[in-house]
Each structure stands twice: as structure tokens, then as C-alpha cells.
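Here are the chains, one letter per residue:
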Amino acid sequence: MGSVKSVRIGGLEFGGGAPVRVEGMLKTPLEDMDACLAELEALGEAGCELVRAAFPREDLRPNLRALAEKSSLPVMADIHFNYKHALAALDSGCGSIRINPGNMGGRDGLMEVLSAAKSLGAVIRIGSNGGSLSAKQLESCGNDKALALVAAVEEQLIPLVDAGFDDVIISAKSSSVPETVRANFLLAQRHPFPLHVGITEAGPGIDGAVKSAAGLGILLNQGIGDTMRVSLTGESVAEVDTAYAIQRALGIRQRGVELISCPCCGRRRIDVPELVRRVKSLLPKDLRDGTTVAVMGCEVNGPKEAAAADLGIAGTANGFVLFKKGKTVATGEAKDLERILEEFLIG
Ligand code: SF4
């Protein structure tokens, strides 16, 4: 499904039924170029497809240019309050910018930005955020935050559409799952543009991952959302990993290996958490996307419960059993585990 319209950033299609793109964000300030490039490389390896970088000051222009030139990923510059920064970012080779058309210094500044973006074929992302809704916006929507998020997006969209600029990605985010979901359902019904989806300020670790999975799961399962970023208080690579884990769980995209492991009841014959760690560390990087690997605590239910796994391991009274698609392919004692695992995982 996805949006009616699609846009291209750095040759990659967003929306219009293209795969749901996974975005990342540089958490390193642009001042520290070495760290930025290292983070960029790690994001690329994790499968990030568009990286956002904050561009808060004109004097960082050489760094932004170097980043855009050296990056193998398309870059989106995040601009606030100054249309000249937007022009500088476009001139520096960023294929996309995120702006608020309302704070580009008036109509003339915005028109300059639109004209530069148009001539360079750049994409503009606009959007609303629950934290920055004004009292007036909320009041005009009867304090319904989801409606106010939609109204705030439309307020930003009008000048772009009026100017005939439609290489646009739109977004409405809140830290509330129900508000974000409702706002995005409405936006998807009302506008043809690709939707960037995310739960903003979702929090750290498991809390942030669960919140993101709950909100994005509802939307993506209904075909709403063309590009996503998971927002976590933590490493940027973890955001990308979580985004792919959400897509894998929904059966939308299969990048990477799906690891299945049992919750370890009283029947367990093997230390499952430790084995999961060992299996993870042994997984070859070039395994086919979508390969499922199961780690189960016992042979009584394990192979049956994980019958669909491409490769699985279950504990037995004396050691373990290895199975492929539910069929036993090897058995061994605990001492043989490492060797046999390597044999089957590395080949
Ligand atoms: S696989 Fe075995 S140990 Fe794991 S939850 Fe199922 S029955 Fe329990």
C-alpha cells in the first residue's frame, strides 16, 4: 500500500508502495566530523537508508558539505528558524531538508528555499510535533491533539502546495501512541504525500522500543507509513535495529536474521539466554535476509514450536539437538556445542 505519491532522495524511492524506508539520525554534533563519519558508517551497516543531521549554524557548512560528499547514504539536513541554513544545506549537497515553512523568515525566504529545492530536485519534509503545538492550534481543534497535529501539518503544507512544490514528505508525531496513530490515519486519508512515521521521545531501551512498536505496528499493519524512524534515548544504531525488528515482526521487510527463542519454562535443559548470546555472536553477516534461527530450552516442545525455523537448537538431557525446518540434523553433548554450531552456522 503506502502513499499515492512518491519522492526520490539520492536515487531511493520513498512512498508510492516502495519498501518502508528506515531512517536514522546522527546523534553526534556536526562539529566532530570523525565521530560523525564513524556513526554514519555504523548506521549504513545497520541498514539505515536516510540519515538526518542537525544543521544549526552557518559556520558548520563545510562539515555538512563534507558529510554529504562522503556519505553513502542520502542526507537530510534538519533546519530551524533560518531559510539561509536551508539554502546552505541544499547547496552543500543534501538531497533533502526538514523545515518548518512557518519559521523560514517569511514568504520571500520560503520561496527562495522552494525554488532552490525545485531546481536541485531535493525533497522537503515538513511536519508537526505534539510538543510544539501552539495554544491557538490546540484551541482551534477543541484541544483534540490528534486533530491539532493534522491541522499543524496542513498549515505548513498550504504554502508549498500553493507554490506548486510537491516533492514533500509529511509527518505528525507525538509521544502519545493514540494521538500519533489517529493523526496519521487522518493524514493518510487526506493527503497523497509519503508519510514519515515515528513516536517522538519514545524513551530509553525497552520502554521506547515497545512504545514505538505499538504505535508504528498499528500504522504499518494498515499500510500507513512510507518511511520511519524509531526514536530512542540511546545509540542511533539501536534505533535502526529496532525499526527493522518492527518491520520483521509485521512481515513487511525481512532484513537480517529473525532470532526466535523460548521463554524458558521449568522444562528447560539448556541455558537459553547464554545460548542466544553465543548463537548471535556466531551468526555470519552474509546469512540470507529473513533466515530464522530458533533457540529453544528443551526437545519436548522446542523443535515443534519452532518448526518453521531454518535452523534451530534445543536442549536435551545430555546436550542438544539441532534441527532444520523441524527435522533433526545433528545431536551432540554440551562439550560439542561450539564446534557443531559453527559447522551449521558458518558452514
Ligand atoms: S521450549 Fe521447552 S523449555 Fe522452552 S518454553 Fe517450551 S517447553 Fe519450556
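Note that the structure is a prediction, hence the values are computed from the model and not measured. (Residues numbered from 1 in each chain as written. Predicted model: local features only at pLDDT ≥ 70, side-chain atom pairs only at ≥ 80, totals over all residues.)

## Looking at the overall build of the protein chain
Selection criterion: Each helix corresponds to a stretch of at least 4 residues labelled H or I by DSSP, and each strand to a stretch of at least 2 residues labelled E; elements are numbered beginning at the N terminus. We call two residues in contact if the C-beta atoms placed from their backbones are at most 7 Å apart.
When you go through the protein chain residue by residue, the secondary structure sums to twelve helices and 15 strands. Each principal axis of the C-alpha distribution contributes one length, and for the protein chain these read about 75 × 45 × 30 Å. A separation threshold of at least 6 residues defines the contact pool for the protein chain, and within that pool the share at least 24 residues apart is 60%.

## Here we look at the nonpolar core
This is how it is decided: In these notes, a nonpolar core means any group of buried Ala, Val, Leu, Ile, Met, Phe, Trp, Tyr and Cys residues linked to one another through C-beta atoms within 7 Å. Between the buried cut of 20 or more and the exposed cut of 12 or fewer other C-beta atoms within 10 Å of a residue's own C-beta lies the partly exposed class, and all C-beta atoms are placed from the backbone.
Among the nonpolar cores identified, the biggest contains 77 residues, and Val51, Ala77, Ala89 and Ile97 are the most heavily contacted of them. If we skip the residues at most four places from it in the chain, Ala77 touches Ala53, Phe55, Leu64, Ala89, Cys94 and Ile97. If you look at the next biggest cluster of nonpolar residues, it comprises 21 residues, including Cys262, Leu275, Val321 and Phe323.

## Looking at the sheet that holds strand β10 (residues 227–228)
Note the following rule: Paired strands, in this sense, are two strands between which DSSP finds at least two bridges. What counts as an axis is a line fitted to C-alpha atoms, over the stretch in contact for a helix, and the angles between N-to-C directions run from 0 to 180 degrees.
As summarised here, the arrangement of the eight strands in space is β8-β7-β6-β5-β4-β3-β10-β9, forming an open sheet in which the pairing is parallel. Strands at the two margins of the open sheet, each flanked by one partner only, are β8 (168–173) and β9 (196–197). Relative to strand β7 (residues 123–129), strand β6 (residues 96–98) runs parallel, the two being bridged by three bridges. Note that in β7 the partner of Ser96 across the bridge is Val123. Sheet strands touched by helix α6 (residues 145–162): β7 and β8. Its angle to β7, the strand with the most contacts, is close to 150°.

## Brief notes about the pairing of strand β12 (residues 292–296)
Here β12 lies mainly inside the structure; four of its five residues are buried. Two elements, strand β11 (residues 258–261) and β12, share four bridges in a ladder whose sense is parallel. Residue pairing across strands places Glu258 opposite Thr292, the latter belonging to β12. Where β12 and strand β13 (residues 311–315) come together, four bridges link them in parallel fashion. Directly across from Met296, in β13, lies its bridge partner Ala314.

## Quick word on the packing of helix α7 (residues 177–190) against helix α8 (residues 205–221)
Relative orientation and spacing of two packed helices are given, respectively, by the angle between their axes and the distance between those axes. Worth spelling out the cut-off: Small angles under 35 degrees read as roughly parallel and large ones over 145 as roughly antiparallel, with 65 to 115 read as roughly perpendicular and the rest as oblique. Note: crossing handedness is left-handed where the near helix turns anticlockwise from the far helix by less than a right angle, and right-handed where it turns clockwise.
Here α7 crosses α8 at 20°, and the two axes come no closer than 10 Å. In terms of orientation, α7 and α8 fall into the roughly parallel class. The two elements α7 and α8 cross, and the hand of that crossing is right-handed. Along its contact with α7, which presents Val177, Thr180, Val181 and Asn184, the element α8 presents Lys211, Ala214, Gly215, Ile218 and Leu219.

## Remarks on unusual backbone geometry
Its identity is not glycine, yet Phe81 carries a phi of approximately 65°, on the positive side. One non-glycine residue, Asn143, adopts positive backbone phi at about 60°. Owing to 11 C-beta atoms within 10 Å, Asn143 belongs among the exposed residues under this scheme.

## Some thoughts on the sheet that holds β13
Taken in spatial order, the five strands line up as β11-β12-β13-β14-β15 in an open sheet, and their pairing is mixed. Edge positions in the open sheet fall to β11 and β15 (327–333), since each of these has one partner strand only. Here the strands of the sheet are splayed against their neighbours by 15° on average, with no regard to which way each runs. On the sheet, helix α10 (residues 272–282) packs against β11, β12 and β13 and is oriented at approximately 155° with respect to β12.

## Details of the domain arrangement of the protein chain
Convention followed: Here the bounds of each domain stem from an automatic or database domain assignment.
The domain boundaries assigned to the protein chain delineate domain 1 (6–250) and domain 2 (258–346). Computed from C-alpha coordinates alone, the two centres of domain 1 and domain 2 are separated by 39 Å.

## With respect to the pairing of β13
Counting buried positions along β13 yields five of five residues, so the element is predominantly enclosed. Neither face of β13 is left uncovered, since the one carrying Leu311, Ile313 and Gly315 and the one carrying Gly312 and Ala314 both have all their residues buried. In this structure, the hairpin formed by β13 and strand β14 (residues 319–324) is closed by a connection of three residues.

## Brief notes about α7
Keep this limit in mind: Each helix should span, by expectation, one fewer than its residue count multiplied by 1.5 Å.
Between its terminal C-alpha atoms α7 stretches 20 Å, which fits the 20 Å expected from 14 residues at 1.5 Å a residue. All of the buried residues in α7 are Val177, Glu179, Thr180, Val181, Ala183, Asn184, Leu187 and Ala188. Here the buried face of α7 lies against α6, β8, β9 and α8.

## Description of the environment of Asn143
Looking at the secondary structure, you find Asn143 in the loop between α5 (135–140) and α6. Counting along the chain gives 69 residues from Asn143 to Ser212, while the straight-line C-alpha distance between them is 24 Å.

## Examining α6
Definition in use: Consider a residue and the seven residues that end there alongside the seven that start there; fitting an axis to each set, the bend is the angle between those axes.
Here α6 is 18 residues long and its end C-alpha atoms lie 26 Å apart, about the 26 Å a rise of 1.5 Å per residue gives. For α6, the principal kink sits at Gln156 and spans about 30°; a proline, Pro159, occurs within the next four residues. Along α6, the positions that sit buried rather than exposed are Lys145, Ala146, Ala148, Leu149, Val150, Ala152, Val153, Leu157 and Leu160. Buried residues along α6 sit in contact with α4 (107–120), β7, α5, β8 and α7.

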